[in-house]
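Commentary on secondary and tertiary structure
Here is what each chain is made of, one letter per residue.
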Amino acid sequence: MQHHVRPAGSPPTNNYSHAVAFTGTTIVVSGQVPLDAEGRLVGEDDALEQTRQVFRNIESALAAAGAGLSDVVKLTVFLTNLADLADFRTARDEVINLDRPPASSLVQVAGLVNPDFRVEVEAIAVLPAG
């Protein structure tokens, strides 16, 4: 993997890469929401705890495919309220490699599949070739 955090001429980032180049097996993780293994909402009205649960769910999905959070090359983030961005960043920064952050997109949405969800995150990871 080659992480291009801030190529010449690019604007500053907040712990994401403008581009990530890679080869190997690609793993696409569906949008993960703040439900635990029993389907219970984690962190009602708490964006930080919801985001932490989302990343636990991403980690579980990646493990099933033989990968981990360090293999993530792209995140797509859906927030219902941009006021939750600081909480999202706190939870994300607890689990990603800040020296090699994934590329990222963030979208504010009017709502998610459950009105109690404040965050949903999709991930793309890669297992190195060989």
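Notes on the structure in this doc start here. Quick caveat: nothing in here was measured; it's all calculated off a predicted structure. (Residues numbered from 1 in each chain as written. Predicted model: local features only at pLDDT ≥ 70, side-chain atom pairs only at ≥ 80, totals over all residues. Heavy atoms only, no water.)

**Comments concerning the overall build of the protein chain**
Here is the rule: Runs of E in the DSSP output that reach at least two residues are strands. Runs of H or I that reach at least four are helices, and both are numbered from the N terminus. Throughout, radius of gyration means the C-alpha value; the globule benchmark is 2.2 Å times the number of residues raised to the power 0.38. Throughout, exposure labels follow a simple rule: accessible area from a 1.4 Å probe, protein chains only, divided by the maximum for the residue type, with under 20% read as buried, over 50% as exposed, and the rest as partly exposed. Only heavy atoms matter for contacts: two residues are in contact if any of them lie within 4.5 Å across the pair. Values of accessible area rely on a 1.4 Å probe in the Shrake-Rupley scheme; residue burial ignores everything except the protein chains shown. Neither His nor the chain ends contribute to the count of charged residues, in which Lys and Arg are positive and Asp and Glu negative. Note on charges: their place is set at NZ of Lys, CZ of Arg, CG of Asp or CD of Glu.
Each helix and strand in the protein chain was counted, giving two helices and six strands. Put simply, the protein chain runs from its N terminus to its C terminus through helices and strands in the order β-β-β-α-β-α-β-β. In terms of overall size, the protein chain behaves like a compact globule, its C-alpha atoms giving a radius of gyration of 15 Å where 130 residues would be expected to give roughly 14 Å. Judged by the C-alpha coordinates and their principal axes, the protein chain covers about 40 × 35 × 20 Å. Buried positions account for 39% of the 130 residues belonging to the protein chain. The contacts of the protein chain with a sequence gap of at least 6 include a subset with a gap of at least 24, amounting to 74%. Carbon and sulfur atoms provide 49% of the accessible area of the protein chain, an area that totals close to 6,800 Å². In the protein chain, which carries 9 positive and 16 negative side-chain charges, the distance between the mean positions of the two groups comes to 7 Å.

**So, helix α2 (residues 85-95)**
Quick note on the threshold: The directions considered for the arc run from the helix axis to the C-beta atoms.
Every buried residue of α2 is listed here: Leu85, Phe88, Ala91 and Arg92. The arc enclosing the buried residues of α2, seen along the axis, measures out at 130 degrees, which places them on a common side. Looking at the buried positions of α2, the neighbouring elements they touch are α1 (47-64), β4 (72-79), β5 (103-108) and β6 (119-128).

**A short note on the packing of aromatic side chains**
Note the cut-off: The criterion for an aromatic pair is that two Phe, Tyr or Trp rings (for Trp, the six-membered ring) have centres within 6.5 Å, with stacked assigned to planes under 30 degrees apart, edge-to-face to planes over 60 apart and tilted to the rest.
Evaluation of the coordinates by the stated rule reveals one aromatic pair. Measuring from centroid to centroid gives 6.1 Å for Phe55 and Phe88, while their planes differ by 35 degrees, and the two rings are tilted. Of the two residues, Phe55 sits in helix α1 while Phe88 sits in helix α2, which places them 33 residues apart along the sequence. The exposure class assigned to Phe55 is buried, which follows from its relative accessible area of 3%. Note on Phe88: relative accessible area 3%, which makes it buried.

**Looking at the environment of Arg92**
Of note, Arg92 is situated in helix α2. Among the residues examined, Arg92 registers a relative accessible area of 4% and is labelled buried. Taking the C-alpha atoms as reference points, Arg92 and Pro7, separated by 85 residues in sequence, lie 22 Å from one another. Not counting chain neighbours up to four residues away, the residues in contact with Arg92 comprise Asn14, Asn15, Phe55 and Leu75.

**Some remarks on the sheet that holds β5**
The strands making up a sheet associate through backbone hydrogen bonding, with each pair oriented either parallel or antiparallel. The criterion, for reference: The pairing criterion for strands is at least two bridges between them, as found by DSSP. Comment: axis = line fitted to C-alpha atoms, over the contacting stretch for helices; angle = value between 0 and 180 degrees taken between N-to-C directions.
With respect to topology, four strands assemble into an open sheet ordered β3-β6-β4-β5, the strand pairing being mixed. For this open sheet the edge positions go to β3 (24-32) and β5, each flanked by a neighbour on one side alone. Across the sheet, the mean angle separating the axes of adjacent strands is 10 degrees when strand polarity is ignored. The pairing of β4 with β5 spans six bridges and is parallel. When the sheet's bridge partners are listed, Leu79 is paired in β5 with Gln108. Sheet contacts for α1: β3, β4 and β6; angle to β6, the most-contacted strand, approximately 30 degrees.

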